[in-house]
Amino acid sequence: MDLVMQSATQPHAHRVWKYFQERQQWHDVFPADFADDSEEVGPYTDSEGPCLVLFKNVHITPEQLDAWLLRCFVGRVCMRVFWLERSTAAAGSWEELVTTVAAAPTPAGATAVRIDVFPKSLQLDIGRKICAAGYPHPMHPVQYSHVLYVVQLSPSCIRWSYMPAVQAWKMSSVAPARFDKSVATAINKLAEAMQVIGLQHAPDRQQLLQQQSLAASQQQQQQQQQATQLTAAAAANGNHQQQQPIRWAIDIGACPGGWTSYLADSCGYHVLAVDPAPLHPDVTARPRVHQILGKAQEVGQQVDEVLAGQQADLLVCDMNDHPIRVGEHLLPLLTKLKPGGWLILTLKFYGKGREKATMVNHLDGYFKSEMEGGRLTWLLANTLSFGPIDGKPKRHRTRASVAGSPSAAGGDS
């Protein structure tokens, strides 16, 4: 079967299509052998269009699709899904579609049918016309045994197909709990960046909801356990500390604390948060969070004191500054990463017509003695208001994520 996915905006559709086209570069976005090919359905511009991606010859089942969309960040922008039999001939016009569907055999066991049409503005009208043409079953939006999918892919190509109701995709009402909108949005960015480099599987939304709903009741118990562990660690000798090292992550530009809370709660890191401004109180209350109030380029000694001779597994940065200055600020802290650790940072591009590749080349110059294997992508989590197409910015600002790992031969790291 073929699969058509409708996203929230055209830039979202472009990013989903781009992720599929680059699936060999990024980890864990699409399931293995998801489909043979994909097409961003047009006509479209960098900001407007039908918001559709056509996946050709899909190899996963509807049940597997549901599970993947619930687990993956792509599910956050998926508005509707249309399953289409490849063997069913397309109609060349809406009149032909109405006549063909009304006369064609319906699925065995069909009692009532829900019709799902793209464009949605035509759904009611097309449903009425099909019924008026002699359709043998009632149509009902809630109580139905099958779904009739109808998608206009071009002015002369309207495809349609049936799907049993039990296999039809429904948008999940499950969403991560959030105590602050800005913090929740930031979590989405980092979860996506970590997933696409294969560093951390994004948690199942239901799992994240359950974890966060339990966080308040467990917080006091965690603090007591942490205090006991710190007391035991202070009494233990250095050999014991070496046998059980703490997994550290450093979050630069951490305020208000979205990335810090995600790293501590969902990924199990002890997080050293660096920012001149204090974190959200709900974040600083977490036992694994340690904050340094100050600028990234001025806190090297304080970072060393907290790490106590260790190096961090992960360095992340969502600093709101020009990409070149971000590179300058981060350079002294790269030695705090252990060999094989990761650097994840977002880059903010201001103005119109900026050549992003030039900026990335500048950063490569800063980091080349310390880092290897850097990669760049536009995050789907930051595509709602702006989205690049073929390397050109759509609006005033775009954000990119760069990931890299310290070179084994690069100085202290």
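Predicted, not measured: the structure shown is a model, and the values here were computed from it. (Residues numbered from 1 in each chain as written. Predicted model: local features only at pLDDT ≥ 70, side-chain atom pairs only at ≥ 80, totals over all residues. Heavy atoms only, no water.)

A.B. asks: An account of the environment of S93 is needed here, citing residue identities and associated values.
C.D. replies: Following the sequence through the fold, S93 ends up in the loop between β4 (78–84) and α3 (94–103). It is 5.9 Å that separates the C-alpha atoms of S93 and S156, two residues lying 63 residues apart in sequence. (Helix = DSSP H or I, 4+ residues; strand = E, 2+ residues; numbered from the N terminus.)

A.B. asks: Mind laying out the pairing of strand β6 (residues 146–154), listing which residues take part and the relevant values?
C.D. replies: The element β6 is largely enclosed, with a buried count of seven among its nine residues. Following the chain from strand β5 (residues 113–118) across helix α4 (residues 123–132) to the adjacent parallel β6, one finds a crossover that is left-handed. Here β6 runs beside strand β7 (residues 157–164); their pairing, made up of eight bridges, is antiparallel. Note that in β7 the partner of S154 across the bridge is C157. Hairpin geometry of β6 and β7 is characterised by an intervening segment of two residues between the two adjacent antiparallel strands. (Buried < 20%, exposed > 50% of the residue type's maximum accessible area, 1.4 Å probe, protein only. Right-handed = clockwise from strand over helix to strand, strands pointing away. Pairing = 2+ DSSP bridges.)

A.B. asks: How would you sum up the sheet that holds β4? Please name residues and give values.
C.D. replies: Within a sheet, neighbouring strands are paired by backbone hydrogen bonds and run either parallel or antiparallel to one another. Read across the sheet, four strands follow the order β2-β3-β1-β4 without closing on themselves; strand pairing throughout is antiparallel. Among the strands making up the open sheet, the edge pair consists of β2 (35–40) and β4. Geometrically, the sheet is characterised by an average inter-axis angle of 20° between neighbouring strands, direction not taken into account. Pairing geometry for strand β1 (residues 2–7) and β4, over six bridges, is antiparallel. Looking across to β4, one finds that M5 is bridged to V81. Across the sheet, helix α2 (residues 62–71) touches β1 and β4, and the angle it forms with β4 is around 165°. (Axes fitted to C-alpha atoms, helices over the stretch in contact; angles between N-to-C directions. Contact = heavy atoms within 4.5 Å.)

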